[in-house]
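Structural overview
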Amino acid sequence: MIDHVHDLDAVREATDRLLSAIGELDNAAVAEPSRLPGWSRGHLLAHLARNADALVNVLEGRPMYVSGEAREADIERDAPRPLEAQLADLRDSSARFLRTADVPADWSRTIEMRNGVTDSAARVPFRRLVEVELHHVDLGIGYELRDLSDEFVAREIDFLTERFTGNPGVPALRLEATDKKHGGKQWSTGRPEGEPVTVSGPPAVLMGWLAGRCDGSDLETGGAPLPSLPPL
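The following refers to the structure shown. Source: prediction; values computed, not measured.

**A few points about the environment of Gly223**
The topology assignment puts Gly223 in the segment after helix H8 (203–210). The exposed category is assigned to Gly223, whose relative accessible area is 76%. Measuring from C-alpha to C-alpha, the distance between Gly223 and Thr118 comes to 38 Å, with 105 residues separating the pair along the chain.

This is how it looks when you write it as structure tokens:
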């Protein structure tokens, strides 16, 4: 059972943490490259603001974006802005999302994301949490995969393994957590056929590999090559 109220509280906390961290930057830092190839920190901040508005559209029954081209154009338009403008936009757009999500609604209804992807409305707050938390890491300003909460990491592994299940580009995989808290917990994903490759390691590293945020060099495969994963 997805607790959207719990997830909205987590979004508030993560957003406050992100805004506080961004507030310590300057205009030069915003213009510097992020950890995402081809994107500056300004691109990431613009994306986060526009994603908040896009999720408002989703919750209110409108298309998430006018088009893929319009989405990219908005990010390119907003990326060069100075820190003050970036911060104000992200603060305001995040607040709009939270206000919209606070309106009483049928959270069991089906909503449509980009590219025809459908989901339960109740999972939208967690989707926003993923955007805020992972892109905070992508900014490269001191917030790392190891700083993510155990709950978030475990749930994001659940989400990503579900997403990769049945993907013909992903071999059969068995993921195993090796930390003290989750030690022995396993996830299966990828193609249904074939002997699965067992990939083990700390949950944050497993999640980072699945999400394309690390190369997985710290993971164990029992001598087998670490499979390459398609981009999300």
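There's more to say after this.
**Concerning helix H3 (residues 41–59)**
Here H3 spans 27 Å end to end across 19 residues, near enough to the 27 Å set by a 1.5 Å rise per residue. The N-cap residue of H3 is Ser40: its side-chain oxygen and the backbone nitrogen of Gly42 are 3.2 Å apart. Phi for Gly61, located one or two positions after H3, is positive at around 85°.

**Focus: the packing of helix H7 (residues 150–164) against H8**
Put simply, H7 and H8 touch, their axes get as near as 9 Å, and they point 35° apart. Considering the relative orientation of H7 and H8, their crossing is left-handed. Two secondary-structure elements touch here, H7 through Phe152, Val153, Glu156, Ile157, Leu160, Thr161 and Phe164 and H8 through Pro203, Ala204, Leu206, Met207 and Leu210. When grouped by side-chain class, the residues that make up the contact of H7 with H8 number ten nonpolar, one polar and one charged.

**Remarks on the sheet that holds strand E5 (residues 197–201)**
Taken together, the three strands give an open sheet; going across it, the order is E4-E3-E5, and neighbouring strands pair in mixed fashion. Either end of the sheet is taken by a strand with one partner, and the two such strands are strand E4 (186–189) and E5. In this sheet, adjacent strand axes meet at a mean angle of 20° when their direction is disregarded. In terms of strand pairing, strand E3 (residues 173–177) meets E4 through four bridges, oriented antiparallel. Counterpart to Leu175 in the pairing with E4 is Trp187. Packing of H7 onto the sheet brings it into contact with E3 and E4, and relative to E4 it is tilted by some 25°. Contacts from H8 reach E3, E4 and E5 within the one sheet, and its direction differs from that of E3 by about 145°.

**Overview of the packing of aromatic side chains**
Summed over all chains, the structure comprises one aromatic pair. Relative to Phe152, the ring of Phe126 has its centre 5.9 Å away and its plane inclined at 45°; by these criteria the two rings are tilted. Here Phe126 is found in helix H6 (residues 124–138), whereas its partner Phe152 is found in helix H7, with 26 residues between them in sequence. Per residue, the accessibility class of Phe126 equals that of Phe152, and both read buried.

About the cut-offs
Residues numbered from 1 in each chain as written. Predicted model: local features only at pLDDT ≥ 70, side-chain atom pairs only at ≥ 80, totals over all residues. Heavy atoms only, no water. Helix = DSSP H or I, 4+ residues; strand = E, 2+ residues; numbered from the N terminus. Buried < 20%, exposed > 50% of the residue type's maximum accessible area, 1.4 Å probe, protein only. Expected span 1.5 Å × (residues − 1). Polar contact = N/O pair within 3.5 Å; in protein donor to acceptor, adjacent residues only side chain to side chain. Axes fitted to C-alpha atoms, helices over the stretch in contact; angles between N-to-C directions. Left-handed = near helix turned anticlockwise from the far one by under 90°. Contact = heavy atoms within 4.5 Å. Nonpolar A, V, L, I, M, F, W, Y, C, P; charged D, E, K, R; others polar. Pairing = 2+ DSSP bridges. Phe/Tyr/Trp six-rings, centres within 6.5 Å; stacked < 30°, edge-to-face > 60°.

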